[in-house]
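Residues per chain are reported as follows:
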Amino acid sequence: MLQMNTRLAMRWIAKPLVFLLCLLPVGWLLAGLAGWPAAELGANPIEKIQDTLGIWGLRFLLTTLAVTPLRELLGWPRLLGFRRMLGLYAFFYVSMHFLFYLLVDQSLDWRLLLEDIAKRPFITVGFSALLLLIPLAVTSTKRAMRRLGRRWQRLHRLVYPAAILACTHFYWQVKADIREPLVYVLVLAVLLGWRLYRYRQRARRGRAEQDARQYQQATDARLPVEPLPE
Amino acid sequence: MRIRPSDITPEPIYRARREFLAGIAGIGVAAALAQPAFGEQVMNVSLIERLQYKRNARYSTTESANSLADITGYNNFYEFGTGKDDPARNAGSLRPRPWSVVVDGECEGKGRYTLEDLLKPHALEERIYRLRCVEAWSMVIPWVGFPLGDLVKRLKPTSRAKFVEFTTLMDPKQMPGQRSHVLDWPYVEGLRMDEAIHPLAILAVGLYGQVLPNQNGAPLRLVVPWKYGFKGIKSIVRIRFTESMPATTWALSAPREYGFYANVNPEVDHPRWSQKRERRIGSGSLLSRQPTAQFNGYAAEVASLYSGMDLARNF
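Residues numbered from 1 in each chain as written. Chains lettered and ligands numbered in written order. Predicted model: local features only at pLDDT ≥ 70, side-chain atom pairs only at ≥ 80, totals over all residues.

Trainee: Tell me about the overall build of chain B, and please be specific about residues and values.
Mentor: In terms of helices and strands, chain B carries nine helices and 13 strands. Put simply, 69% of the contacts in chain B that link residues at least 6 apart link residues at least 24 apart. (Helix = DSSP H or I, 4+ residues; strand = E, 2+ residues; numbered from the N terminus. Contact = placed C-beta atoms within 7 Å.)

Trainee: Go over the interface of chain B and chain A with me, naming the residues and quoting the values.
Mentor: Taken together, the contacts link 22 residues of chain B with 18 residues of chain A. Along the lines of polarity and charge, the residues of the side of chain B that touches chain A split into nine nonpolar, six polar and seven charged. (Nonpolar A, V, L, I, M, F, W, Y, C, P; charged D, E, K, R; others polar.)

Trainee: I'd like a description of the packing of helix 3 (residues 45–74) of chain A against helix 4 (residues 83–105) of chain A, backed by residues and values.
Mentor: Residue and element names in this part refer to chain A. Packing of helix 3 against helix 4 brings their axes to within 8 Å, and their N-to-C directions diverge by 160 degrees. With respect to helix 4, the element helix 3 is oriented roughly antiparallel. As helix 3 runs across helix 4, the sense of the crossing is left-handed. Considered class by class, the residues forming the contact of helix 3 with helix 4 number 16 nonpolar, seven polar and two charged. (Axes fitted to C-alpha atoms, helices over the stretch in contact; angles between N-to-C directions. Parallel < 35°, antiparallel > 145°, perpendicular 65-115°, else oblique. Left-handed = near helix turned anticlockwise from the far one by under 90°.)

Trainee: Can you tell me about the sheet that holds strand 11 (residues 236–242) of chain B, naming the residues and giving the values?
Mentor: Residue and element names in this part refer to chain B. The strand order across the open sheet built from five strands is 3-2-11-6-7, with neighbouring strands paired in mixed fashion. Two strands close off the open sheet at either side, each with one partner strand: strand 3 (111–114) and strand 7 (188–192). Each neighbouring strand pair of the sheet contributes to a mean axis angle of 20 degrees, computed without reference to strand direction. Where strand 6 (residues 163–168) and strand 7 come together, five bridges link them in antiparallel fashion. Each bridged residue has a counterpart across the sheet, and for Val 164 the counterpart in strand 7 is Leu 191. (Pairing = 2+ DSSP bridges.)

Trainee: Could you give me a rundown of the environment of Leu311(B), with the residues and numbers involved?
Mentor: Residue and element names in this part refer to chain B. With respect to the helices and strands, Leu 311 occurs in the segment after helix 9 (299–302). Leu 311 sits in the partly exposed class, given 16 other C-beta atoms within 10 Å. Expressed as a C-alpha distance, the spacing of Leu 311 and Lys 173, which sit 138 residues apart in the sequence, is 39 Å. For Leu 311, the residues in contact, after removing those within four places along its chain, are Asn 263, Asn 265, Val 268 and Tyr 306. (Buried ≥ 20, exposed ≤ 12 C-beta atoms within 10 Å, placed from the backbone.)

Trainee: Could you give an account of the confidence of the model for chain B, with specific residues and numbers?
Mentor: All names here are of chain B. When the pLDDT values of chain B are averaged, the result is 87; 82% of them are 70 or greater. In the model, residues 14–50 has pLDDT below 50 throughout and makes 47 contacts with residues more than four positions away in sequence or in other chains. Interface scoring of the predicted complex returns ipTM 0.79; its pTM is 0.82. (pLDDT = per-residue confidence, 0-100.)

Trainee: How would you summarise the pairing of strand 2 (residues 100–105) of chain B if you had to cite specific residues and measurements?
Mentor: Residues and elements named next belong to chain B. Of the strand pairs in this sheet, strand 2 and strand 3 are connected by four bridges, and their pairing is antiparallel. Paired with Val 101 across the bridge in strand 3 is Tyr 113. Connecting the antiparallel pair strand 2 and strand 3 is a turn made up of five residues.

Trainee: With reference to specific residues and values, describe helix 6 (residues 148–155) of chain B.
Mentor: Residue and element names in this part refer to chain B. Taken as a whole, helix 6 has its buried residues at Leu 148, Leu 151, Val 152 and Leu 155. Burial along helix 6 is one-sided: seen end-on, the buried residues are contained in an arc of 100 degrees. If you follow the buried residues of helix 6, they end up packed against strand 2, strand 5 (137–147), strand 6, helix 7 (193–196) and strand 8 (202–207). Lys 156 lies just past helix 6 and shows a positive phi near 50 degrees. (Arc of directions from axis to C-beta.)

Trainee: Tell me about helix 6 (residues 121–138) of chain A, and please be specific about residues and values.
Mentor: Taking 1.5 Å per residue, 18 residues should reach 26 Å; helix 6 of chain A reaches 26 Å between its end C-alpha atoms and fits that length. Residues of helix 6 of chain A that are buried in the fold lie against helix 4, helix 5 (110–119), helix 8 (150–156) and helix 9 (159–173) of chain A. (Expected span 1.5 Å × (residues − 1).)

Trainee: For the packing of helix 3 of chain A against helix 9 of chain A, give the residues involved together with the corresponding values.
Mentor: Residues and elements named next belong to chain A. Where helix 3 contacts helix 9, the axes come no closer than 10 Å and their chain directions differ by 145 degrees. Once helix 3 is placed against helix 9, the crossing between them reads as left-handed. From helix 3, Leu 58, Leu 61, Leu 62 and Leu 65 reach across to helix 9, where they touch Val 159, Ala 162, Ala 163, Ala 166 and Phe 170. Looking at the contact of helix 3 with helix 9 residue by residue, the classes come out as nine nonpolar, no polar and no charged.

Trainee: How would you summarise the nonpolar core if you had to cite specific residues and measurements?
Mentor: One recurring pattern in soluble globular proteins is that nonpolar side chains are buried together. Among the nonpolar cores identified, the biggest contains 76 residues, and Ile141(B), Trp143(B), Val164(B), Ile202(B), Leu203(B), Ala204(B) and Leu207(B) are the most heavily contacted of them. With seven residues, the single largest contributor to this core is strand 5 of chain B. Sequence-distant contacts of Ile202(B), defined by excluding residues within four places in its chain, comprise Arg127(B), Trp143(B), Gly145(B), Phe146(B), Pro147(B), Leu148(B) and Val223(B). Counting residues in hydrophobic clusters, the runner-up holds 31 residues, among them Cys22(A), Leu53(A), Leu65(A) and Ala163(A). (Core = buried A, V, L, I, M, F, W, Y, C linked by C-beta atoms within 7 Å.)

Trainee: Tell me what's going on with unusual backbone geometry, and back it up with residues and numbers.
Mentor: Residue and element names in this part refer to chain B. The amide bond that connects Trp 185 to the next residue, Pro 186, takes the cis arrangement and shows omega of -5 degrees. Assignment of secondary structure puts Pro 186 in the loop between strand 6 and strand 7. That bond from Ala 218 to Pro 219 is cis: its omega, -5 degrees, falls within 30 degrees of zero. Looking at where Pro 219 falls in the secondary structure, it is placed in the loop between strand 9 (210–211) and strand 10 (221–223).

Trainee: Lay out the pairing of strand 4 (residues 124–132) of chain B in plain terms, naming residues and giving numbers.
Mentor: All names here are of chain B. In terms of residue burial, strand 4 counts as a mostly covered element, since eight of its nine residues are buried. Relative to strand 4, strand 1 (residues 53–55) runs parallel, the two being bridged by three bridges. By the bridge assignment, Arg 55 is partnered in strand 4 with Glu 126. Relative to strand 5, strand 4 runs antiparallel, the two being bridged by eight bridges. Bridge pairing links Tyr 129 to Ile 141 in strand 5. Where strand 4 folds back onto strand 5 in an antiparallel hairpin, the turn is made up of four residues, including Ala 136, whose phi is positive at roughly 70 degrees.

Laid out in structure tokens, this is it:
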């Protein structure tokens, strides 16, 4: 009964709440466009919207990557239930960031757009990050997970290079003040470093278990099996 | 978009306002320049006359100027923070009066000048100039100032003076952004002598008929409309005449991206973005970029300064 209640609470309360919270940045921008003074977009609203969408894309990307470490550190397995939503929000904000750049900033001028993507490294890496996220968004359904089986996890490791490219995009974009992008780079380094650490730990444990098994087998072959004392 | 019609002052109104300011409120401007607090003391009559200004139509664009809110709320002035709205928020700590400027180097007029002494002989003019930032946005700003060339002449550079170097105030107490090493403080900019005496180059002390707001570089700043905005050094405390090319702040910070000349040039891209088009702040258009003109539209006046020079190399 309790189990049932938590599942229902997840589905009907926690998830909708997080869903709405994730929409706040968009709501803020819309309020600014509507002229709400607190959400003032400033003298260069196009730049402001563009930057806001981009930074939230990066924030959601890093939040998604934080789910697994947090779940283990806090011992709170239910966090995993939010990962897909957060990942899809990352994709949503990154796509909006790109579409806004394409439609408004570049006024849908494909020639200039292609030139930008080819010639400007910071745009090249940003665009590559978006491309890497597309297959992940497409295969985010339960059905795709089932169909892809183990390959799903391998495919979704693309989120690591995507996050690295997104951070690089931000870092290369600033003129002189790298303090803010450095914060994101550091957070990403911690999130990826934790994974590396866990991977090594697992590998070591795996090796230790294997060693133990081999030793056991070797001793089993030589010695008669005696029941352990109770 | 967010640009409200009320943000843009209709031309006849701001013209009338400026004529009014020139005639009457100029007194207030003079007082503010002369005294730390408005109207605190008996005003110096010569100051009043000096701060009246005439509009220089010949060197003014007829494009409509940006609103005062845009010009004073969207600034690059890293001494007060690197965000565009930081200067408006943080520049209150700057004390633009009293102010003095040190003149040295290859000239006869060496010395420390009070701002009043420096300005005294110069008649102020209004120049409505385009401003093109290296970040590919632009504005139209009604500056009040005087030709830099007039001051240069007065300071009598020697025959060895080939460049003019300008330095911004260095005082982290007044300029909190200088506490972080985003750039190599103090900010330094420079011009070749022929650029400095070009009639389009001015030293500005005001905009929209008012004394320069702190965030726009009070009390004295350079305006070189055919160059990217970062050449327009703000809150100047030192003018030095040199024989060799000054090492300028942005060129030192990223030599591949910012050169000494920094002439507006749609043909030479910034390594990280195109300079072909620009976003006119406050234009109200959703599809917002317009083509950038060679020398920011001042080619007829200044192109001859650079004849025979490879502008892609000397960017």
